[in-house]
Each structure stands twice: as C-alpha cells, then as structure tokens.
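Coordinate inspection notes
Below are the chains, spelled out letter by letter.
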Amino acid sequence: MNSNPLAKPGRNEICPCGSGRKYKHCCADRAAPAGAPGLQQLLETARHHAYQRRDFAAAEHSYRQVLALKPNHAEALAGVGQGLCWRHRLAEGKRYLARAAKALLRQADKTDGRVLLGFAEQMQIWGDMELALQLARAAVKSMPDDASAHYGLAACLQRLNRTDAAMAALEKVLKLVPQDSGSHILLAILEFDQKQYDAARQRLEQVVAAETDTKQLARACLELSKVYDKQKRYVEAFAMFAKAGELQRQLPEIRALDADYIFNRIELFKRGYSDDLLKRWTPEELGDALPAPVFLIGFLRSGTTLTEQVLAAHPQVLTSDENHLLEELSAELAALAGAGEDTPAALRRIGIDQARQLRAYYWRRVAEEFGPEALRKRFVNKVALNSIETGLISCLFPDAKIVFALRDPRDVCLSCAMQSFAASPATVNLLSWQGVAAQYAAVMDLWLSLRDRIAPAWLELRYEDVVNDFEASFRRVFDLLGVDWRPEVARFHERAAGRYVATPSFAAVSQPLYNSALARWQPYQAQFGEVMPQLARFIDAFGYR
C-alpha cells in the first residue's frame, strides 16, 4: 500500500477485479444490499484509510467487505495482503498477495500494464520474487516500448541472480532511454558480478561525471568504490565510498534520522541489565512448554546471512530473514509495564505471569509471520543488530540459544562502509568512516559486557573459521541447536541460487564459499589509522591480532 499500484481506474479501463470487463460495467456499478455501502464506496473508504490515513487495520476491514461481495477482486485481495504485511503478519498477508497476483495474471492481457508493473514492485517488497517476475514479464508484454517495464523486469531478474537475462532487459531500457542513470548503475552492478570490471568502471565513471541528482550520484560513487577495490585502486576506492557517504548524509531523509539513537539505547542497556535481571527466571520456573528460541545475531556484514543460509539448508531448521519480532515484543512489554522505551525498567516491573504472556506473544507472532511450521522445526530468528537486545532475550528466554557471528573488525568496518543499507537510526552512522567504527565499538562493547552474564547458551561463530573449516564450524552450531549434522548443508549455495534474500548479501550467498573476503582490510592500513583506537580492543578480544 505504499504507492497505490492498483489505483482507481477510469470508467472505460479494464476493471482491476480480474473480470476482464470495463470498470463502468463491472465494479463501478455493482449493487450492494439495501442499507449497506456499495462496492465502490467500500473501495473508496479502503483507499482513504490506506493512503491518506495509513490506517491499515481500517483499510483491511473495508477491503474484506469488498471480498465478501466479490471474493476474487484483485485490488481488495492486494489491499488486505499489503495491510497484513505492513502489520508484520507476513504469512497470511503473502497468501492474499499471491491470490491478487494470480487474479491479475489470469487477466493480464486485459489489465493495464502499469497496474501489473506496480504490483510486481509490491511483490518484490514482500519477497515473492517468482510472482513478481511473472507480473513484470506480463507488464513488458503489455508495454513493450515502456522503459520502466523493462527496468522492473531487470530488477526482478537481478534479485533472483539471473544475471544474463537481467542484463538483456537493461540493454532494452537503454535503447529506449540511453542516459538513464539508474539503468546504467544497475547494469554496472551486473557487469561487476560478471567480473567485467573495466566495463563497470567506465560506465560508472560516466555516471559520476554527468549525474546531478544527489541520491543517484551517491549510489554510483558507492558502486564505483567496489570496482576500484577489485582493481586494487585502493586510495581511489576509499575516496569514492567516503564521497558516497557524504552525499547520502545530505539527503533530507537521512538528516531527519537520530544518529544518537542506537548509542543511547546501548548506554541504557549497559546501565540497566544487572546480573539478577539477566537471570530473573529459570526455564523451570517459566515452565510453559514453549519451544526454545534461537537467535542469530552479530554486527552487520559479519556473516549472519551466510550462516542463516547454511542453517536453512537443514531439513529440521526454519530460518527467518530480517524481521521486527523483538521490536514488537519490546513494544508489548512497554505496554504491559508502562515503562516507555526503558526495557530494563519494564522487565523489572512485570511478574512471571506477564513474562509467560510475552513469551507466548513472541511465538504467536512467529507463527503469524512464518507459518505454523516455525513451531514444528528449530526456528532461527536472524536479525544482526538484535545483538543489542541480548539482555531482553536473556531475561525472557533463558532457554534460548544464541549464535553470535564474528568477523575481523577491520573487515566488518570496511564492508559496512562499502555497502548500501536501508536508511534507519541503526544504519545512519554507517555513512561515515568514523561512524562505522564508533557504532561497531558500541555494539561489541555491549556484547562483551553481557555475554558471560546471560542465561542462554551461546557460541561465537567466526567467519574466518567457517571459510577455513566449514564442517567443524557448523557442527558446533548444529550441536548448540540440538539437531544432527547433515552434509547437504555444505551445498547451501545451490538452495540460495534463484531464491529471494532480503539482505545486501543476496548475490554472495548464491556462490560456494570463497576466501577472497578474508583480510580485505590490509590494503587500507593507512586509512585505518584514525579508527584503530576504537577497534584495537575488539581485535584483541576476538583474537584477530
């Protein structure tokens, strides 16, 4: 529901419900029972709630009334699905979105190509890339001379690691719009993935020289830094990703973010979690027979996505991609305790019955978001920066298992500085060299202050050990999870190829393990001088000296 891809059609356009009839002869004139709002009125009400008020629960109610009148109405199915997804009920929401997509595809030849393309973008957002691809292809068929349709197709193909087909689609875009910067940048990314470094460099240098839009220029600079790095032009690479960060910090949406937010939270948690609070209840005292949760945490770019993909290749394990489960749990805790954002204070105010209630809430939300199978398998909640929520995990889930991903702090900082992240208070500091090091130090200091005092069993999984001795490293992980070793997990990349992975590592995890990402920091030793005072302690603590 973010850009209204299924907006109200004109009276002579094809009705979005999938009937194939003109709108004026279909839903526009559908009668309602006496005294009840008509279908068109319900749609207008739902759109008002969704797009003007951003009240997705109210929009869902109106869209469900539409479905009571017309069960296969594509806009209503999409509206219910998107509303559910925005409220993090992904499992149910995706089912509605899939029904909406299939309704549109059944009438693709009679549906406006812009509608197909808009909904393809929505399906990408919510991770159903195969249906997104079908919709994008239908949009291209409907609008063969529309550059945006070919670009949408290319974006789908890229996320599915179908590089050759994505490049072909972008070539069609550039025939239609030769100077389109976004298409040149995406094509350069694909050339980079194909190791066509000279072609990618020339393309990106042309964009950097000509582009005036700050956001596109920042994107081009960042991608060019990666090319320079591969070509061993390290001074230029560092200058280019520094420029990209500087440009991004000028954007209004970035300037609006609170750069102190995560540091304030970490300081609050360092002060607030006493030994007694971290181990307030034992699993036996809680005694609710719920599954023991598993949390895969660490710092960004430390190997959490690789670890998640390996675990997901085990038939007894179900893993999550990025999610908001602990954020929602914290909000539920705050509501119960009336303690605002002070999580340690809130935990002190609740009793054991409320703790059981919160544990049940967590697993109910897991089932809503990832389906009932998550309660039958070993469910692994993977969100890297849930590492700052270790105290909350320890207090409410003393039976939990924690896998903490580690990587050489210098490689982590370099990788973060050369990566594009969605803008948020948790990533805004990663737009500067000093900010990356400061946030890394704060997060890892919190972990070191808590790890030996928490109740859950934990292990630190070093990326370098995974690369050098995969089986031994993951045998430890599966032992912690209480599942048997399965040799097929070593073929995780075969499973990942062609699948949607939400994090920036989606291309890397579709390849076999490689060691070229080890010690990447060494050519940048001169640039590390200014941040080494912040990193030195952690280099020693984690054995990377």
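Residues numbered from 1 in each chain as written. Predicted model: local features only at pLDDT ≥ 70, side-chain atom pairs only at ≥ 80, totals over all residues. Heavy atoms only, no water.

1. Overview of the sheet that holds strand β2 (residues 317-319)
Stated formally: Two strands are said to pair when DSSP picks up at least two bridges between them. Each helix corresponds to a stretch of at least 4 residues labelled H or I by DSSP, and each strand to a stretch of at least 2 residues labelled E; elements are numbered beginning at the N terminus. Helix axes are fitted only over the stretch in contact, all axes being lines through C-alpha atoms; the angle between N-to-C directions runs from 0 to 180 degrees.
Taken in spatial order, the five strands line up as β2-β3-β1-β4-β5 in an open sheet, and their pairing is parallel. The open sheet has two edge strands with one neighbour each: β2 and β5 (457-462). The sheet shows a mean angle of 25° between the axes of neighbouring strands, direction not considered. The pairing of strand β1 (residues 294-298) with strand β3 (residues 378-382) spans three bridges and is parallel. Residue pairing in the sheet places V294 in a bridge with V380 of β3.

2. What about the pattern of salt bridges?
For side chains of opposite charge, pairing can occur when their charged atoms come near one another. The line we're drawing: Whenever a carboxyl oxygen of Asp or Glu lies within 4 Å of a side-chain nitrogen of Lys or Arg, that contact is scored as a salt bridge. The classification of residues rests on relative accessible area computed with a 1.4 Å probe and restricted to protein chains. Under 20% of the type maximum is buried, over 50% is exposed, and intermediate values are partly exposed.
Evaluated as defined, the whole model comprises 36 salt bridges. Put simply, E92 and R89 hold a salt bridge, and the shortest N to O gap is 2.8 Å. A relative accessible area of 24% means that R89 is categorised as partly exposed. With a closest N to O distance of 3.3 Å, R462 and D465 form a salt bridge. Several salt bridges converge on common partners, so that one network encompasses E60, R64, R87, R89 and E92.

3. Thoughts on the environment of R359
Formally: Only heavy atoms matter for contacts: two residues are in contact if any of them lie within 4.5 Å across the pair. Two N or O atoms count as a polar contact when they lie within 3.5 Å, although within protein this holds only if one can serve as hydrogen donor and the other as acceptor, and sequence-adjacent residues are included solely when both atoms are side-chain atoms.
Here R359 is to be found in helix α20 (residues 352-370). Sequence separation of R359 and L535 is 176 residues, and the distance between their C-alpha atoms is 36 Å. Ignoring sequence-local partners within four residues, the contact set of R359 consists of L286, D288, L290, L396, F397, P398 and D399. At a separation of 2.9 Å, a polar atom in the side chain of R359 contacts the main-chain carbonyl oxygen of L396.

4. Digging into helix α8 (residues 163-176)
Short version of the rule: Helix span is expected to be 1.5 Å times the residue number reduced by one. In this description, one arc is meant: the one made by directions from the helix axis to the C-beta atoms.
Its 14 residues place the ends of α8 20 Å apart at the C-alpha level, agreeing with the 20 Å of an ideal helix rising 1.5 Å per residue. Those residues of α8 lying buried are T163, A166, M167, A169, L170, V173 and L174. Looking straight down α8, one finds its buried side chains confined to an arc of 160°; they lie on one side. With respect to the buried face of α8, the exposed residues turned more than 90 degrees away are D164 and K175. The elements touched by buried residues of α8 are α7 (147-159), α9 (181-193) and α10 (197-210).

5. What about the packing of aromatic side chains?
Aromatic ring pairs: the centre-centre distance and the angle between the two ring planes describe each pair. Threshold: The pairing test for Phe, Tyr and Trp rings, Trp by its six-membered ring, is centres within 6.5 Å, and the orientation test on the planes gives stacked under 30 degrees, edge-to-face over 60, and tilted for anything in between.
Evaluation of the coordinates by the stated rule reveals 25 aromatic pairs. Their ring planes at 45° and their centres at 6.4 Å tell us that F474 and F478 sit as a pair that is tilted. With F474 and F478 both in helix α26 (residues 470-481), this residue pair falls four residues apart, about one helical turn. Taking the centre distance of 6.1 Å and the plane angle of 65° together, the rings of F478 and W485 count as edge-to-face.

6. Description of the nonpolar core
Stated formally: Among the buried residues, those of types Ala, Val, Leu, Ile, Met, Phe, Trp, Tyr and Cys that are joined through side-chain atoms within 4.5 Å form a nonpolar core.
F299, Y362 and L396 are the most contacted members of the largest nonpolar core, which totals 152 residues. When residues of this core are assigned to their parent elements, the largest contribution, twelve residues, is made by helix α24 (residues 433-450). Not counting chain neighbours up to four residues away, the residues in contact with L396 comprise W281, L286, L329, L347, I350, A355, L358 and R359. L296, V317, L459 and V489 belong to the second-largest nonpolar core, a separate cluster that totals 25 residues.

7. Section: the state of the cysteines
Here is the rule: Counting rule for disulfides: a pair of cysteine sulfur atoms within 2.5 Å.
The full count for this structure, using the stated rule, is zero disulfides. Cysteine C416 remains unbridged, with the sulfur of C413 as its closest cysteine sulfur at 6.6 Å.

8. Observations regarding the confidence of the model for the protein chain
Our working rule: The pLDDT score gives, residue by residue, the confidence of the prediction method on a 0 to 100 scale.
Mean pLDDT over the protein chain: 91, with 90% of residues reaching 70 or higher. This stretch, residues 1-6, has a pLDDT under 50; its non-local contacts, to residues over four places away or in other chains, come to 29 contacts. For the stretch residues 29-35, pLDDT sits under 50, and the model shows seven contacts to residues farther than four places along the chain or on other chains.

9. Looking at the pairing of strand β4 (residues 401-406)
In terms of burial, β4 is a largely internal element, five of the six residues being buried. Where β1 meets β4, five bridges bridge the pair, whose relative direction is parallel. The residue bridging V294 from the neighbouring strand is K401, located in β4. Relative to β5, β4 runs parallel, the two being bridged by six bridges. By the bridge assignment for β5, K401 is matched with A457.

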